[in-house]
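If you want the building blocks of each chain, they are given just below.
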Amino acid sequence: MKDIRTLSLDQLKDYFGSLGEKPFRAKQVYDWLWSKNLHSIEEMTNLSKQLRDKISEEYTINPVSVDQLQKSTDGTIKNGVKLHDGLLVESVLIPTETRTTACVSSQVGCSLNCEFCATARLKRMRNLEVAEIVDQVALIDSQSKMYFNRPLSNIVFMGMGEPMMNYKNVVEAIRKITQPEGLGMSPRRITVSTSGIPKMIKMLADDELRVKLALSLHSAIESKRNEIMPFSDKFPLTDIMESLQYWYKKTGSVVTFEYCVWKGINDGDEDIKALIKYCKQIPSKVNLIQYNPIGDGKYDQCNKKAEDNYVRQLENAGITVMIRKSRGGDIDAACGQLANKVTD
């Protein structure tokens, strides 16, 4: 049967109209589905038993479930999330003293081929549906309340998959997450991370979701970035920058460049100079992400001296830079590690 959550509010109104029901029934059901995140038609207690039975004859709800939960020594929680067709994705709850952040997935596997990323080694099976994305957020919100006594504060689309390659569903999920009739979260607390698809960056700007944008950069030297992220040879850095400038013009929102520094790969002065030159073209900040290896020996975190050199030169150039400490590395929940790998 079809998942009732695939119906829009207008479609629900049409459906209940076909049953001879008043239009307000659609709003009641919509509230159960997206505000209360209910996963049982039978528990929609403001509907008559007869109406619930009728709905259940035609529709179902296919919620995600936690296949395995792992806890890191630093408090990070990784969820192996099972979908209705048995496929798995991973999502992560990252706690700090001031916030709890949900790192959610948008695809089963990934379409891209970034050399440093474990997810890229998985075949892309399919895009996640709107409800499957929202379910991840609702699940982590409940975990945040359970384990840390506070609601979820931030969401990053930095899990498995490239959000821009599941654009329609990601955008609709963000609307469900942020609308008052949904989870009611602030869009300014949501960050969409992309590896850089210019056309889609412009589309996101035009859709005026008021979310933040992060670009997975890792090198501002074209040839080197293409080695690190081979798919990027289709999207030159000049085209990406033009789309980012369009983003800023439309939204006024500063772009974050996500940047891992690897030993012997992008840890030299020429790499820093190229990054500074790229950053100077748009209001931006840099997150230096501490990397956890994925077992191939090729990509290793740079030493402290190289990291400090990046920070010093970026700050001297007037560029805001932050070091993002790796979280959940002991349970393969850190940057680039999500690959449905489990431990006993």
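Each residue is numbered by its place in its chain's sequence as written, counting from 1. This being a predicted model, a pLDDT of at least 70 is required before a residue's local features are given, and a value of 80 or more before pairs of side-chain atoms are given or counted; all residues contribute to the totals for chains, interfaces and linings. Excluding hydrogens and water, the side-chain figures rest on all heavy atoms present in the structure.

- An unreviewed UniProt entry lists the chain under the name Probable dual-specificity RNA methyltransferase RlmN, from Chryseobacterium piscium.
- UniProt positions are given in the numbering used here, feature names are shortened, and annotations may be inferred rather than shown by experiment. Among the UniProt annotations of the chain, the heading Sequence similarities (unreviewed entry) holds the following wording: "Belongs to the radical SAM superfamily. RlmN family."
- Recorded in UniProt under Subcellular location (unreviewed entry), the annotation for the chain is "Cytoplasm".

**Considering a positive patch on the surface**
- Patch definition: residues with relative accessible area over 30% and no salt bridge; like charges joined within 9 Å; nonpolar side chains (Val, Leu, Ile, Met, Phe, Trp, Tyr) joined within 5 Å. The Shrake-Rupley method, run with a 1.4 Å probe, gives the accessible areas here. Residue values count only the displayed protein chains as cover. Any Lys or Arg side-chain nitrogen located within 4 Å of an Asp or Glu carboxyl oxygen qualifies as a salt bridge. Think of it this way: Lys and Arg go in the positive column, Asp and Glu in the negative one, and His and the chain ends go nowhere. We put the charge of a Lys on NZ, of an Arg on CZ, of an Asp on CG and of a Glu on CD. A cluster of basic residues, Arg 99, Arg 188, Arg 189, Arg 210, Lys 212 and Arg 324, forms a positive patch at the surface.
- Mapped onto the fold, Lys 212 is located in strand E11 (residues 212–216).
- Per-residue accessibility, obtained with a 1.4 Å probe over protein chains only, is compared with the maximum for each type, and a residue is labelled buried under 20%, exposed over 50%, and partly exposed between these values. Assessed through its relative accessible area of 36%, Lys 212 is described here as partly exposed. Each helix corresponds to a stretch of at least 4 residues labelled H or I by DSSP, and each strand to a stretch of at least 2 residues labelled E; elements are numbered beginning at the N terminus.

**Regarding the UniProt feature "binding site: [4Fe-4S] cluster" (unreviewed entry) in the chain**
- With numbering aligned to this structure, UniProt lists the feature "binding site: [4Fe-4S] cluster" (unreviewed entry) at Cys 110, Cys 114 and Cys 117.
- Relative to the elements of secondary structure, Cys 114 occurs in the loop between strand E7 (107–108) and strand E8 (126–127).
- In what follows, a contact means two residues having at least one pair of non-hydrogen atoms within 4.5 Å. Once residues lying within four places of it in the same chain are set aside, the contact partners of Cys 114 are Ala 120, Ser 195, Ile 228, Met 229, Pro 230 and Phe 231.
- As for its placement among the helices and strands, Cys 117 is situated in the loop between E7 and E8.
- On the accessibility criterion, Cys 117 (16% relative accessible area) is buried.

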